[in-house]
Structure formats: C-alpha cells, structure tokens
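Close look at the chain arrangement
Here are the chains, one letter per residue:
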Amino acid sequence: MESEISDRGDQEADAADFDLDGDQDLILEDEFRWLEFVTDEPPTFVEHDLFGREFNALAAVALDVNSDGRPDVVSSFGGNSNLINWHQNVPGDPLVFLERPVYQEDGWQSHILKGGDFDGDGDQDILSWNTDLQSFRERLVWHENNGSGQSFTPQVIYEIDGSGQTAIVFEPGDLDDDDDLDFFVSVPATETL
C-alpha cells in the first residue's frame, strides 16, 4: 500500500517512535517536521512542527543523544555558518524538542548526519560530512558525545580536496565483525569507497 505523506520527493526521512506509543513516526529532514503515525488502515500521519525553524535545513536524523530511551533529533542548518544541534525529546502533549548545541563552524555546511556509538562508551556520537563553501574541501567529522549530550568533542577523521561533490553514500556498520562500529563513505569525485 502506498500513502503520500509529502509532495517533496527529494528529501530523506528517518523513522523513530518519538511519542513512545509503539509505532514508528517519521522525521522529514528538509522540512524539520515530524509525522505522527496514528492509524494503519489506511496509513495516516498527523503533522507536527519539530522546532519551528525551517530555513536552510540540510539534514536531520533520529538518535537518542542523552540515553534516556526517547529518540531525540540531530539537525544541521546551512547558510554562512554551519550549525549542528540536537533537539531533546521532552515528554508531554504535545511533545517538545529543546534545542541543544553540538557544533558550529563558519564557512562550512554539514550535508549528511549519522549516529552511533563509535567509541564504545555507551552513548551515541554523531558523524557529519562537511563541505567548505569557499574551497569545496570535504571532510568527515566525528562529534564525540562526552556523556548525555552535555558536550561534544569534534575530530576530523577524513579529509579530501573536493569539487563540491558531496558523499553519495555514508553509512556506519560493523564492517569487519569485531563488535565495534565502523563506517564507509563513497565519494564519486574521487571514485573511492
């Protein structure tokens, strides 16, 4: 069965049970809104503003940043100053998402965000794929969660000279079966994986 939930087909969506009612809701990254799943037949969603900021939206992903069992949202905004925030999911009716800072750097934009426990310390870290708006240099940045989302330590772990060719595929996973989280990046401009 097919159900149209947005008339914009060029955006990514992520699923999580934001309201903890047992079914998967959606977040649409380019519009910064979440869609509450309410009925099966036919599939029906109720639209909610996520945090009232839609300008220069670049990416959004669901991730339990503060390890409280409730999925939060990590987002990036563009413009002249790259801004990554996490939005704490606070229970209530309606849900409230409180904005918390992760990272800011002038002249860069974060086009892709992914999450995972990359250092094995039990909390969720953030990976971002960033582009320098002047030189088009590309880099992968690991934002180490220093505990419950209170602060993050950014570390550049991969960097290339770019030509504005943002990574097409960028995924975490245990690639070598050693029980820790790895990642792979596909960059078309360099024909590398």
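Our subject is the structure listed above.
Position numbers for residues count from 1 along each chain, tracking the sequence in the order it is written. A pLDDT threshold of at least 70 governs which residues receive local features in this predicted model, and a stricter bar of 80 or more applies before side-chain atom pairs are shown or counted, although totals over entire chains, interfaces and linings include all residues. Side-chain numbers come from the whole structure's heavy atoms, not from hydrogens or water.

**Structural notes on the environment of glutamine 104**
Secondary structure counts use DSSP, requiring at least four H or I residues in a row for a helix and at least two E residues in a row for a strand, with both numbered from the N terminus. For glutamine 104, the position within the fold is in strand S8 (residues 96–106). Each C-alpha atom, one on glutamine 104 and one on leucine 83, is 4.6 Å from the other, the two residues being 21 residues apart in sequence.

**Points about unusual backbone geometry**
Each neighbour pair has its own omega, and for aspartate 93 with proline 94 the value is 10 degrees, a cis peptide bond. As for its placement among the helices and strands, proline 94 is situated in the loop between strand S7 (81–90) and S8. Although it is not a glycine, leucine 20 sits at a positive phi angle of roughly 55 degrees. Relative accessibility decides the category of a residue: with a 1.4 Å probe and only protein chains considered, values under 20% of the type maximum give buried, values over 50% give exposed, and everything between is partly exposed. Residue leucine 20 is classed as partly exposed on the basis of its relative accessible area of 43%. Even without being glycine, serine 67 reaches a positive phi, approximately 55 degrees.

**Digging into the packing of aromatic side chains**
We call Phe, Tyr and Trp rings a pair once their centres come within 6.5 Å, taking the six-membered ring for Trp, and we label the pair stacked below 30 degrees between planes, edge-to-face above 60, and tilted otherwise. Tallying each qualifying case throughout the model produces four aromatic pairs. Residues phenylalanine 18 and tryptophan 34 carry aromatic rings whose centres are separated by 5.8 Å and whose planes lie at 65 degrees to one another, so their mutual orientation is edge-to-face. One end of the pair, phenylalanine 18, is in the loop between strand S1 (13–16) and strand S2 (25–28); the other, tryptophan 34, is in strand S3 (residues 33–39), and 16 residues separate them in sequence. Here the two residues phenylalanine 18 and tryptophan 34 agree in accessibility, since each one is buried. Between phenylalanine 37 and phenylalanine 45, the aromatic rings sit 5.2 Å apart at their centres with planes inclined by 75 degrees, giving edge-to-face as the arrangement. Here the aromatic cluster, defined as three or more aromatic residues joined through ring pairs, consists of Phe18, Trp34 and Phe97. Two conditions define a charge located above a ring, namely a distance within 6 Å from the ring centre to NZ of Lys or CZ of Arg, and an angle within 35 degrees of the ring normal. Between the NZ or CZ atom of arginine 139 and the centre of the ring of tryptophan 108, over which it lies, the distance is 3.7 Å.

**Section: the pairing of S2**
The two faces of the sheet receive side chains in turn, since in a regular strand these alternate between them. Residue alternation in S2 divides its side chains into two sets, Asp25 and Ile27 and Leu26 and Leu28, and both sets are buried. The pairing of S1 with S2 spans four bridges and is classified as antiparallel. Residue pairing for S2: alanine 15 is matched across the bridge by leucine 26. Pairing between two strands requires that DSSP report at least two bridges joining them. By the bridge criterion, three bridges tie S2 to S3 in an arrangement that is antiparallel. Paired with isoleucine 27 across the bridge in S3 is tryptophan 34.

**Regarding the sheet that holds strand S9 (residues 108–116)**
If you walk across this open sheet you meet the four strands as S9-S10-S11-S12, and the pairing is antiparallel. The sheet is open, and its two edges are formed by S9 and strand S12 (152–160), each paired on a single side. Ignoring which end each strand starts from, the neighbouring axes of this sheet average 25 degrees apart. With eight bridges joining them, strand S11 (residues 138–145) and S12 adopt antiparallel strand pairing. The residue bridging arginine 139 from the neighbouring strand is glutamate 159, located in S12. Helix axes are fitted to C-alpha atoms over the stretch in contact, other axes to C-alpha atoms as well, and angles between N-to-C directions run from 0 to 180 degrees.

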